[in-house]
Amino acid sequence: MSQAAAPPVLCVAPSRALVDEKITVLVENLPPGSPVTVRSHHHSDDQDDWEAYAHYVSDHRGVVSVSDDMSFGGTYSGVEPMGLLWSLRPVPGSRTGLRLRKKNVCTPLLFHISVHSGHEGFRERPPLASALIERWYVAPGVQRIDVSERGVRGTLFLPPGPGPFPGVLDMWGGGGGLHEYRAALLACHGYVALALEYFKPGELKSTDLEYSYFETAFNLIQEHPRVMADRVGILGLSLGSSLALSLAAESKTVQPRACICIGSNHCSGRSLSGSPMVLITNPEGMRVDENNHHIWRDMALSILEDESKLVDVGKMSCPLMVVNGADDQNWPSTEMADDITRRMRAAGKEHLLTRLEYPDAGHLIEPPFSPHFRATNFMVPGRQKVILLWGGQTKPHSDAQEDSWRKILSFLQQHLYGNQCPKAKL
Amino acid sequence: MLRVRKIQQHTVLKLIQCFTLQRRQTSLHHAVGAVQWLSRNRPAPLLTAAPVRAIVDEPISIKGQFLPPYSPVTLCARLHCEDGDLWEAFAHYNTKADGTVNLTRDHSVGGSYLGCEPMGLFWGLRPYGEREGPRLRKKNIETSYVVHISLWDGHVSPSERPSTELAAVTAERWFMAPGVRRIEIRQNGIVGTLFLPPGPGLFPAMLDLWGVGGGLPEYRSALFASRGYASLSLAYMKHIDLPGPFHCLTVGDSYFKSAFQLLQEHHQVCADRVGIIGLSYGVYLTLRIATQFGVKPSCLICVNGPAVNIMKSTGGDSRTQDSDSDPQYWTYDHQGYVTFKEVSRLHNICPGSRLKLENITCPLMYILGEDDLNTSSVESVNLIEETLRAAGKSHLFTCLSYPGAGHLIEPPYTPLARTSLWRVKPIKMMVAWGGHVSPHAAAQEDAWRNIQEFMENNLRQ
């Protein structure tokens, strides 16, 4: 029977996934050897539009498989199964300095994936086929609980089931505010996780947070009836990393089972009002790049020469994972990680340390398949806005996010679920 | 607040210890095992399901880790359907040396199913409510089934519940993929629901016909749309929006022809890529549309239905005075369940109700359950096959015959209804559909795969 050619078919699976799960994107029923562009589009909660796209050529069967085929250009090139997600960037004409961070984790991120004919000017042509996918930070059954107890503010995520579960205290950095998405994702992997808010954006200098705030937060997790009190770890990024190390090495009351620091920072977090944030008023060492983006990494170098400003990491008694990007422009994380390593070696604690340094990755090493942000808006104390350079090149930074997350989960599982003691180093 | 909860937890542990004195021997063992588990300095085992939100025809992978090695465990699935009934399945496993259990690898040694059955917890669901003869059929397909999957210590059955649940995970089962559009059709007298895949189209399409149970089951069409086909579920009987007496087939040939053409003429449908699927009486309607109306479907899928008219029609078309087939052919088994199989026996049908099957011009796939107690499917298959062979059209015909499968061959991983409640008035009747749980589940899975491939070959190439 003679029929008109069947239209192309786009299949993206799974259509509903967690944000750290991979997808396959398959286009079929194309004419053989035809150039097409595959595009993903996301309209954020902040009403910004983000897109990624890649140019492909179908094979002799008329198939394009994003997992197997090479992209000839676009927002990524080469064989990149997840490129349509991690290479996402604001569409031309968007506001500057944007960062994509989901505030409401109870709804999914929606992505429209579409196939267009040709390479150049693909946007001018209507799509040949399209699909809609959901990506979630929470799994069904994960409970979200607002925490406002004993002065501690945050959000607790509980996995489904009776427990008891290991716990994680999850802390972000000097931007402040309450960011739930990483804690929510940890709950999907079997951890009771507390996303902690410790100051509002732009208010760090006026905040007089005491060390005890963080100890209380840690205790709150331990005391939850579905948590095993001796299996609570800490995960901190940037300023959160400094707090994590302070607690782990120097607290008398808090003994984490394991500690993970992203954007290695072992400045003493003992009193936040004496924190590195005060360096902003010190122009020495602060540079800007050709776009007037602030580079802060050199400002903190002098701290390494002042013992009193550093956490005594030699006192650590729990396994420690230190993650940083070698192209970190916001913080001298390589130098800091080197110093942490030296100190732990000197204290005979090197066997506790796992160090992951990623070439050409920047400061913001986030959960996998998140877009890379080389520079974004940031609110400094006094509620002024600047654009901070975080660093990193998109492809290696995305590889770092994917690899580090897998290793973070494996590290947490080994130390919080397993019963092994850290082995001696070779 | 937190301290109060902690005391309650200790109290629960003490209660479990007290209860051991009053339980039966086997339960005592399980309860003590649970207390021992809780008092070990270990977190609970980790139970995962992936993907945790899946389309109903997608298999998922269920795993448990951080369990003791070589230990008995029970996996249990629970679902509350829209009517409020509880459905449950369970299976007994033994963990491996590394303390894991993996339903895609391991064998069940007891419970709702045996052997290596990754999806057994879904197709093995049984009803545990008060209602007699329920079927698990989703009415609102815009929401998911929520399945609570749990892991228990020892080999237990859900009704005993002697020990504590060790771990749990929640899975969602969806009939509609994101972006699929559901459109109610009430035009030109047609009563149906159209499902369109996301995107501009043009899409190949299916007309979706069920049996004389009537109403408007949407779930199969929703699944087709989730796989890229426009699909129209068509009501033709026992629907409030249809004309005439509720229990009669009051719509005639023009109704079915209009429905097929509505699909063809939709601006997002490829007019020359429209197929028809029918189950039970829907098979007769499928064949009637394909042979009498001058429309040209691209393919036909027939599931366990008669090739002849089993209803007493009025006039020359499909309309009937009442919905019942001829009661003289109803038979009753030892439990009083009625089977309608004799109704569709060829020697019980008057010759005038036969169709001109030789007029079929497109590929036809017949899905046959060999334990079908509702329709004389084997005779129907033979009739179609002989007629097409005599017309030199054997190459159009494929039959997939499944031993142990019953009448209701539905989308995969859905539980078998071997019997169900047929009606309550004028008297309560339970109908026997046939099928045995395990072979029927295998048939549904294989048939669905073949249906997808058949549609792909005939509607997409």
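Calculation rules
Residues numbered from 1 in each chain as written. Chains lettered and ligands numbered in written order. Predicted model: local features only at pLDDT ≥ 70, side-chain atom pairs only at ≥ 80, totals over all residues. Heavy atoms only, no water. Helix = DSSP H or I, 4+ residues; strand = E, 2+ residues; numbered from the N terminus. Rg over C-alpha atoms; globule rule 2.2 N^0.38 Å. Buried < 20%, exposed > 50% of the residue type's maximum accessible area, 1.4 Å probe, protein only. Contact = heavy atoms within 4.5 Å. Lys, Arg positive; Asp, Glu negative; His and termini not counted. Charge placed at Lys NZ, Arg CZ, Asp CG, Glu CD. Pairing = 2+ DSSP bridges. Buried area = accessible area lost by both parts, 1.4 Å probe. Salt bridge = Lys/Arg side-chain N within 4 Å of Asp/Glu carboxyl O. Polar contact = N/O pair within 3.5 Å; in protein donor to acceptor, adjacent residues only side chain to side chain. Phe/Tyr/Trp six-rings, centres within 6.5 Å; stacked < 30°, edge-to-face > 60°.

Engineer: Sorry, what's going on with the overall build of chain A here?
Structural biologist: For chain A, the count of helices and strands is 6 helices and 21 strands. For chain A, the C-alpha radius of gyration of 23 Å lies close to 22 Å, the compact-globule estimate for 426 residues. By the burial criterion, 63% of the 426 residues in chain A qualify as buried. At a minimum sequence separation of 6, the contacts of chain A that also span at least 24 residues come to 70%. Each charge sign in chain A was given a centre, from 41 positive and 47 negative side chains, and these centres are 3 Å apart.

Engineer: I'm lost on the sheet that holds strand 9 (residues 129-136) of chain A in this one. Help?
Structural biologist: In a beta sheet, neighbouring strands are held together by backbone hydrogen bonds and run either parallel or antiparallel to one another. Residues and elements named next belong to chain A. An order of 2-9-8-4-5-7 is seen for the 6 strands of this open sheet, with the pairing classed as mixed. Edge positions in the open sheet fall to strand 2 (16-18) and strand 7 (89-90), since each of these has one partner strand only. Across 9 bridges, the pairing between strand 4 (residues 35-43) and strand 5 (residues 49-57) is antiparallel. Residue pairing for strand 5: T37 is matched across the bridge by H55.

Engineer: Whenever I open this one, the interface of chain A and chain B confuses me. Can you help?
Structural biologist: Size of an interface, as often reported, equals the accessible area lost when the parts are brought together. Every contact between the two is made by 45 residues of chain A and, on the other side, 38 residues of chain B. In total, chain A and chain B occlude about 3,600 Å² of area from one another, counting both sides; carbon and sulfur atoms represent 56% of this. At the boundary of chain A and chain B, one finds 0 salt bridges. Counting the contacts that link chain A with chain B gives 4 residue pairs in polar contact (both at pLDDT 80 or more).

Engineer: In this structure, what is going on with the environment of C116(B)? I would like to understand it.
Structural biologist: Residue and element names in this part refer to chain B. Within the secondary structure, C116 is located in the loop between strand 7 (110-111) and helix 3 (120-123). Taking C-alpha positions, C116 is 5.6 Å from D106, a pair spaced 10 residues apart along the chain. The residues touching C116, leaving out its near neighbours within four places in the chain, are L103, T104, R105, D106 and H107.

Engineer: How should the packing of aromatic side chains be read in this particular structure?
Structural biologist: Aromatic ring pairs are described here by two measures, namely the spacing of the ring centres and the angle between the planes. Residues and elements named next belong to chain A. In total, this model carries 24 aromatic pairs over all chains according to the counting rule given. A ring pair is formed by Y76 and W86, whose centres lie 6.0 Å apart and whose planes are at 55°; its orientation type is tilted. Here Y76, found in the loop between strand 6 (64-65) and helix 1 (83-86), pairs with W86, found in helix 1; they are 10 residues apart in sequence, far enough to count as distant. For Y76, a relative accessible area of 4% gives the class buried.

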